[in-house]
Every structure is written in structure tokens, then in C-alpha cells.
Amino acid sequence: MAAVTSIMRAQQIIMVRLNELLAPLQLTFPRYEALMLLLYSRQGELPLGKISDRLQVHRASVTNVIDKLVDSGYVERLTHQHDRRTILARITPGGTAAARQATEWLNRARFGMAPLDAAACEELYAALTPLRSGAGDFVTEA
């Protein structure tokens, strides 16, 4: 229980730090993640369902995140060209600029991980990898 409580509290601390860093851009960390997903997609757009799958969050959460990004002018909603039932989110030039600015700020702040140094972050990542891999988050090399 101590390990779980520690992980959960650390997550809360980090999210507060990240959200404070991103607030001047009208972003939260979940909005930043969605922007980055769109920024690095082939055409700067993805169906909302695919965003949900890739971010591993409920579709209702993605709808809320995209709503806020649309309100900020960072994303626009489109109907899919070949399937009118599918809604796409497309990053705007303003969204691209915000994503790049946010990344610069987050990197400068080491993604809120102070006072951990790079070695401690690597150790933490390594310690959590089996848990995440076992849950199907990603495949580790054997």
C-alpha cells in the first residue's frame, strides 16, 4: 500500500506542477498530450476515437479535452471526408505554436520532476516498466 500511495501522490504533485506551467497557454497536461498527438500525426488530424485509444482515456474525456482545445483555437473539428459519422480533430497553426512553446517550457522545467536528477528518473522508469508492460501499455524487448 505504501508504494501505491506514493505513486498516486507523486502523480498528483507532478500534475499540479505541469498544469501550472501550462496555464498561461490555456493548457492542461491532458490537453498538451492531445495536441502533441495531433502535432506528430501524419496529417495533423485524427479521429476522436483514435485519440482516445492512443491516450488510453475514455472517449468522453477526449471529447472534453478537444472541446477545450477548440475553445482555445488550438484545434478544429471536422467531419471525416469518407465517413460522416467520424469526427476528426485537426491541429491549427495556433495549436502547433502552443504545443512547441509548451514543450520548451516543460523541457526547461524537466517535466516537473525536480528534485529528481536524470539518473533517478531513469531508475524510476525502469522500476515501473514491468508494471506498465504487464498491463499492455507497451511491449518491452526481451
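Placed above this text is the structure.
Residues take numbers from 1 onward in each chain, read along the sequence in its written order. For this predicted model, a pLDDT threshold of at least 70 governs which residues receive local features, and a threshold of 80 or more governs which side-chain atom pairs are given and counted, while totals over whole chains, interfaces and linings are taken from all residues. By convention in this description, side-chain values take in all heavy atoms of the structure and omit both hydrogens and water.

### Here's the deal with unusual backbone geometry
A cis amide bond links Ala114 with the next residue in sequence, Pro115, at an omega value of 10°. Phi at Gln56 takes a positive value of approximately 55°, unusual for a residue other than glycine. Helix and strand assignments follow DSSP, with helices taken as H or I runs no shorter than four residues and strands as E runs no shorter than two, numbered in order from the N terminus. If you trace the backbone, Gln56 turns up in the loop between α3 (48-55) and α4 (59-71). Notably, Phe111 is not glycine yet its phi reads approximately 50°, a positive angle. Relative to the assigned elements, Phe111 resides in the loop between α5 (93-108) and α6 (118-134). Judged by its relative accessible area of 28%, Phe111 falls in the partly exposed class. Per-residue accessibility, obtained with a 1.4 Å probe over protein chains only, is compared with the maximum for each type, and a residue is labelled buried under 20%, exposed over 50%, and partly exposed between these values.

### Points about the side chain of Ser41
Position of Ser41 among the secondary structure elements: in the loop between α2 (29-39) and β1 (45-47). Residue classification places Ser41 among the buried residues on the basis of a relative accessible area of 12%. Separated by 3.1 Å, the side chain of Ser41 and the backbone nitrogen of Gly44 make a polar contact. Any pair of N or O atoms that falls within 3.5 Å is considered a polar contact. Within protein, one atom must be able to donate a hydrogen and the other to accept it, and sequence-neighbouring residues count only if both atoms are side-chain atoms.

### Thoughts on the packing of aromatic side chains
Only Phe, Tyr and Trp rings are paired, with Trp represented by its six-membered ring, and only when their centres lie within 6.5 Å; those with planes under 30 degrees apart are stacked, over 60 edge-to-face, the remainder tilted. Inspection of every chain in the model, using the stated rule, returns one aromatic pair. Arranged with centres 5.7 Å apart and planes meeting at 35°, the rings of Phe29 and Tyr32 form a pair that is tilted. In this pair, Phe29 and Tyr32 both sit in helix α2, three residues apart, roughly one turn of the helix. Each member of the pair Phe29 and Tyr32 is classed as buried.

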